[in-house]
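Take a look at the letters that make up each chain.
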Amino acid sequence: MKRLFLFAVIVVAAATRAHAQTFDGVVKDAKTNRNLEFVNVGIVGKNEGTVTDASGHYSISLTNSDADSLRISMVGYVPRSFLVADFRKEYNSYKTIALQPALRQLNEVKVNNHKWKQVVLGNTTQSQSTNAGFSSNKLGNEIGAIIKIKKSPTYLKQFNASIASDVTDSVKLRLNFYTVKDGRPDQPLQKQSIFVTVHKGDKKITVDLEPYFIVVEDKFFVSLEWIKNSRGHGIMFSASLFSSAVISRETSQAEWEKESMAGVGFNVLAEY
């Protein structure tokens, strides 16, 4: 019986390896034909994904069921999805994938005599003893927290985060804002990617948000996403207990998961 079980395990493992394939490709802008850097490529709902490099190229190993979906997406573009079965079958046709720019709808601005109030929202901790951060430097690894607002509409002016670990090498991240649905991040709020470079020795991150004109009507989710390989292994941010829980996902199209009771020290300067 033990030999039969061992044989079955070997057969299953061999079949999995045989079914796994690595696919290389490039993602372009459909209008300009420009290669697109840092596009999310991954299996929807699974911890299998990556991000295109600075020249728009990606490499992904597909070990998933043919019924799963491969999704290619980026803020500011219309996402594309393929059944894994179709992608495998028509791979030669998909070596270059073009994304159409999304139509940009400008937010309505009402000018009146309203006196705007400035406030800091979120977790302002600068603790060096309690921390939370990326589980790895795997491309698409993302970490963040839900932030509540005081009044709608609220304009986001500046993002801040305190770093609780030594940054040994420059790291490229993407700052993301999402609406919230059922306690999880849902739809992107910004119209374009916001890139952040953390340099060796940095102890905080500050990003001017005014050029992006991000307006929120309700609580929102803010995150940082690992988008470029580094010799370092993750970054740890200041955190505190009994604040909004850390929510993260391992790769770019994976499911969001609550990680701990400690809340990461992400906050925004805002006006309402």
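Going by the structure above, here's the rest.
Residues numbered from 1 in each chain as written. Predicted model: local features only at pLDDT ≥ 70, side-chain atom pairs only at ≥ 80, totals over all residues. Heavy atoms only, no water.

Q: Just checking my understanding: could you explain the overall build of the protein for this structure?
A: Looking only at helices and strands, one finds 2 helices and 22 strands in the protein. Residue burial in the protein is summarised as follows: out of 272 residues, 45% are buried. Contacts in the protein between residues far apart in sequence, at least 24 positions, make up 74% of those at least 6 positions apart. Accessible surface, the protein: about 14,800 Å² in total, of which carbon and sulfur atoms supply 51%. (Helix = DSSP H or I, 4+ residues; strand = E, 2+ residues; numbered from the N terminus. Buried < 20%, exposed > 50% of the residue type's maximum accessible area, 1.4 Å probe, protein only. Contact = heavy atoms within 4.5 Å. Areas by Shrake-Rupley, 256 points an atom, 1.4 Å probe, with all protein chains shown as cover.)

Q: Could you clarify how one ought to interpret the pattern of salt bridges in this entry?
A: Two side chains bearing opposite charge may form a pair once their charged atoms approach each other closely. Within the structure shown, the criterion is met by 8 salt bridges. Here D68 ties to K46 by a salt bridge, and the two come within 3.0 Å at their closest N and O atoms. Linking D68 in the loop between β4 (57-62) and β5 (69-73) with K46 in the loop between β2 (40-43) and β3 (49-51), this pair joins segments that are 22 residues apart in sequence. You can call K46 partly exposed: its relative accessible area is 34%. In this structure, D166 engages K203 in a salt bridge whose closest nitrogen and oxygen atoms are separated by 3.3 Å. Within this pair, whereas D166 is found in the loop between β11 (154-162) and β12 (171-181), its partner K203 is found in the loop between β14 (194-198) and β15 (204-208), the two being separated by 37 residues in sequence. Looking at D166, the relative accessible area reads 66%, which means it is exposed. By relative accessible area, which is 44% here, K203 ends up partly exposed. Several salt bridges converge on common partners, so that one network encompasses K157, E210 and E271. (Salt bridge = Lys/Arg side-chain N within 4 Å of Asp/Glu carboxyl O.)

Q: When you look at the side chain of E142 in this model, what are you seeing that I'm missing?
A: Of note, E142 is situated in strand β10 (residues 142-147). The exposure class of E142 is buried, given its relative accessible area of 0%. A polar atom in the side chain of E142 sits 2.8 Å from the side chain of Y178. E142 has contacts with F134, N176, Y178, S223, L224, E225, I247, S248, R249 and W256, leaving out every residue within four places of it along the chain. (Polar contact = N/O pair within 3.5 Å; in protein donor to acceptor, adjacent residues only side chain to side chain.)

Q: For this particular structure, what's the right way to read the sheet that holds strand β9 (residues 131-133)?
A: Strand pairing in a sheet relies on backbone hydrogen bonds. The paired strands run either parallel or antiparallel. Spatial ordering of the open sheet is given by β9-β18-β21, a layout of 3 strands whose pairing is antiparallel. Unpaired on one side and paired on the other, β9 and β21 (263-264) mark the two borders of the sheet. Direction of pairing for strand β18 (residues 236-240) relative to β21: antiparallel, over a ladder of 2 bridges. Paired with S240 across the strands is G263, a residue of β21. (Pairing = 2+ DSSP bridges.)

Q: How do you make sense of the pairing of β14 when you look at a structure like this?
A: A regular strand places its side chains so that they alternate between the two faces of the sheet. The alternating pattern of β14 places I194, V196 and V198 on a buried face and F195 and T197 on a face that is not buried. Two elements, β12 and β14, share 5 bridges in a ladder whose sense is antiparallel. Its bridge partner lying in β14, K172 is registered against T197.

Q: Honestly, the sheet that holds strand β7 (residues 96-99) in this entry has me stumped. Any pointers?
A: Ordered in space as β4-β1-β7, the 3 strands form an open sheet in which the pairing is mixed. In this open sheet, the two strands that pair with only one neighbour each are β4 and β7. Averaged over all pairs of adjacent strands, the angle between their axes in this sheet comes to 35 degrees, without regard to strand direction. When strand β1 (residues 21-29) meets β4, the two strands line up antiparallel, connected through 6 bridges. Looking across to β4, one finds that D24 is bridged to S59. (Axes fitted to C-alpha atoms, helices over the stretch in contact; angles between N-to-C directions.)

Q: Looking at this structure, how should I read the nonpolar core?
A: The nonpolar side chains of soluble globular proteins are, as a tendency, buried together. Within the largest apolar cluster, 44 residues are counted, with the highest numbers of intra-cluster contacts made by F159, L173, L175, F177, I205, F220 and F237. In contact with F177, not counting residues within four places along its chain, are L156, Q187, P188, L189, Q190, I194, L209, I214, F220, F221, V222 and V268. Core analysis: the next-biggest nonpolar cluster, separate from the first, contains 20 residues, L36, V41, I60 and L99 among them. (Core = buried A, V, L, I, M, F, W, Y, C linked by side-chain atoms within 4.5 Å.)

Q: Looking at this structure, how should I read the pairing of β1?
A: Inspection of the sheet shows β1 paired to β7 by 4 bridges, in the parallel sense. Opposite V26, over in β7, you have T96 as the bridge partner.

Q: What's the story with the environment of T22 in this structure? I'm lost.
A: Position of T22 relative to the elements: it lies in strand β1. A sequence separation of 38 residues divides T22 from I60, and the C-alpha atoms of the two residues are 5.5 Å apart. The residues touching T22, leaving out its near neighbours within four places in the chain, are S59, I60 and S61.

Q: How should the environment of Q128 be read in this particular structure?
A: Structurally, the position occupied by Q128 is in the loop between β8 (118-122) and β9. Residues Q128 and A164, spaced 36 residues apart in sequence, show a C-alpha to C-alpha distance of 4.9 Å. Other than its neighbours up to four places away in sequence, Q128 contacts S162, I163, A164, K203 and S238. At 3.4 Å, the side chain of Q128 forms a polar contact with the backbone oxygen of Q126. A polar contact of 3.4 Å, which involves the side chain of Q128, links it to the backbone oxygen of I163.

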